[in-house]
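# Structural description and commentary
Here is what each chain is made of, one letter per residue.
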Amino acid sequence: LIATAHVDSPFHFSLPNPDKTPNPLIRLDMATVGYGDTPILADIDLSVAPADRIGLLGANGAGKSTLIKLLSGMLVQTGGEIQQAKDLKVGYFAQHQVEQLHDLLTPLEHLQQVDPRASTQDLRGFLGGFGFSNEQALMPAGPFSGGEKSRLALALLAYSRPNLLLLDEPTNHLDIQMRQALAQALQDYAGAMVIVSHDRHLLRVTTDDLLLVHDGRVERFPGSLDDYPGWLAEQSRKSSQSSNSKQTGLKAVDHKDRKRRDAEKRQQHAPFRSKIQSIEKQLTILRDTQERYERELSNSAIYADNNKDGLKALLLEKARIAQAIEAHESDWMTASETLEELLSED
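Residues numbered from 1 in each chain as written. Predicted model: local features only at pLDDT ≥ 70, side-chain atom pairs only at ≥ 80, totals over all residues. Heavy atoms only, no water.

### Observations concerning the packing of aromatic side chains
Under the convention used in this document: Pairs were defined over the aromatic rings of Phe, Tyr and Trp, the Trp ring being its six-membered one, requiring ring centres within 6.5 Å. Orientation was assigned from the angle between planes: stacked under 30 degrees, edge-to-face over 60, tilted for the rest. Only DSSP runs of H or I covering at least 4 residues are called helices, and only runs of E covering at least 2 are called strands; the numbering of each starts at the N terminus.
As enumerated under the stated definition, the model contains six aromatic pairs in all. Where Phe-126 meets Tyr-159, the ring centres are 5.1 Å apart and the plane angle is 80°; that geometry is what we call edge-to-face. Within this pair, whereas Phe-126 is found in helix α5 (residues 120-128), its partner Tyr-159 is found in helix α6 (residues 146-159), the two being separated by 33 residues in sequence. Pairing Phe-132 with Phe-144 gives two aromatic rings, centres 5.7 Å apart and planes at 20°, and the pair type is stacked.

### Details of the sheet that holds strand β8 (residues 209-214)
Backbone hydrogen bonds are what pair the strands of a sheet, in a parallel or an antiparallel way. What counts, and what does not: We call two strands paired when DSSP finds no fewer than two bridges between them. Structural elements are reduced to axes, namely lines fitted to C-alpha atoms, with helices fitted over the stretch in contact, and the angle between N-to-C directions of any two is expressed from 0 to 180 degrees. Residue contacts follow a heavy-atom distance rule, with two residues in contact if any of their heavy atoms lie within 4.5 Å.
Taken in spatial order, the six strands line up as β5-β6-β7-β3-β8-β9 in an open sheet, and their pairing is mixed. Edge positions in the sheet fall to β5 (90-93) and β9 (217-220), since each has one partner strand and no second. In this sheet, neighbouring strand axes are inclined to one another by 20° on average, regardless of whether the strands run parallel or antiparallel. Of the strands in this sheet, β5 and β6 (164-168) are in contact with α6, which crosses β5 at around 175°.

### Some words on the sheet that holds strand β4 (residues 79-84)
Taken in spatial order, the three strands line up as β2-β1-β4 in an open sheet, and their pairing is antiparallel. Single-partner strands in this sheet number two, and they are β2 (38-48) and β4. On average, each strand axis in the sheet is tilted by 30° relative to the strand beside it, whichever way the strands run. Strands in contact with helix α2 (residues 64-72) are β1 (26-35), β2 and β4; relative to β1, the strand with the most contacts, it is inclined by about 125°.

So this is what it looks like as structure tokens:
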């Protein structure tokens, strides 16, 4: 059933292999980066080799996008050293690439600017894999939806044959078929990549190593992606305890003023705590349902010839539940990271 769905997808593309793959592609030695006089990340030690597939974890505002910009060259380190390979070729995807598309140019004209000598037929064939076929390849990009513009930006990135992909939330605005096509293309990609994404499925199927961006540092995450929600919950608990300890020690602060500020913080945190608890309850129900479907599928009677319709319906329901679990886990992660960020500011 899944294979059939992929066959019906309008998106079929691959990321061309890089022309050259120097090793390492880029190396950071005790690098520090920030904005103006404000450091965001310090003492970064990181080496990216051609086969590396790295996912970045961390709360919103922790510095994940800052690290991506440093690797891309958009930001210059304020300390330490960065060594780039002579043949390094970066493919960088972020929202600002989408916003920089030319509204009056068609997808075909965008590609012709990248490769003026390529034949129209070859370029249109390449664009077809990203869903820009027939008339849409010849339409101005201005009226395109957010998902269509993201697809076009990804097509331009893929055509450049980078040996280092830097992807900052690449699945935002993409529908499920394009997300699956992108995940498949990244699995088959021969170069290195560093990904920031709240799409847990994408991280799960495309990355081998996880880096944690936290407290101004970049370090290896010791667990798996499944361990990350527990780590976030533990950080939130520690931050809450630390905040309570600080409040206990503020003897000189007016009692009424402190109570008012505590109430304001609780009010600010409450929607996220409530959302996290609600999602956890829904996840419990969904996982129980998933286990029930798995038990039914383990019964050989379900595969009898006279039960084909029942088997098909059960497989479809199981796939729907799996998608719902992925979506809820992604929402849980987003809410937990936001709450952690708020607690760290207290």
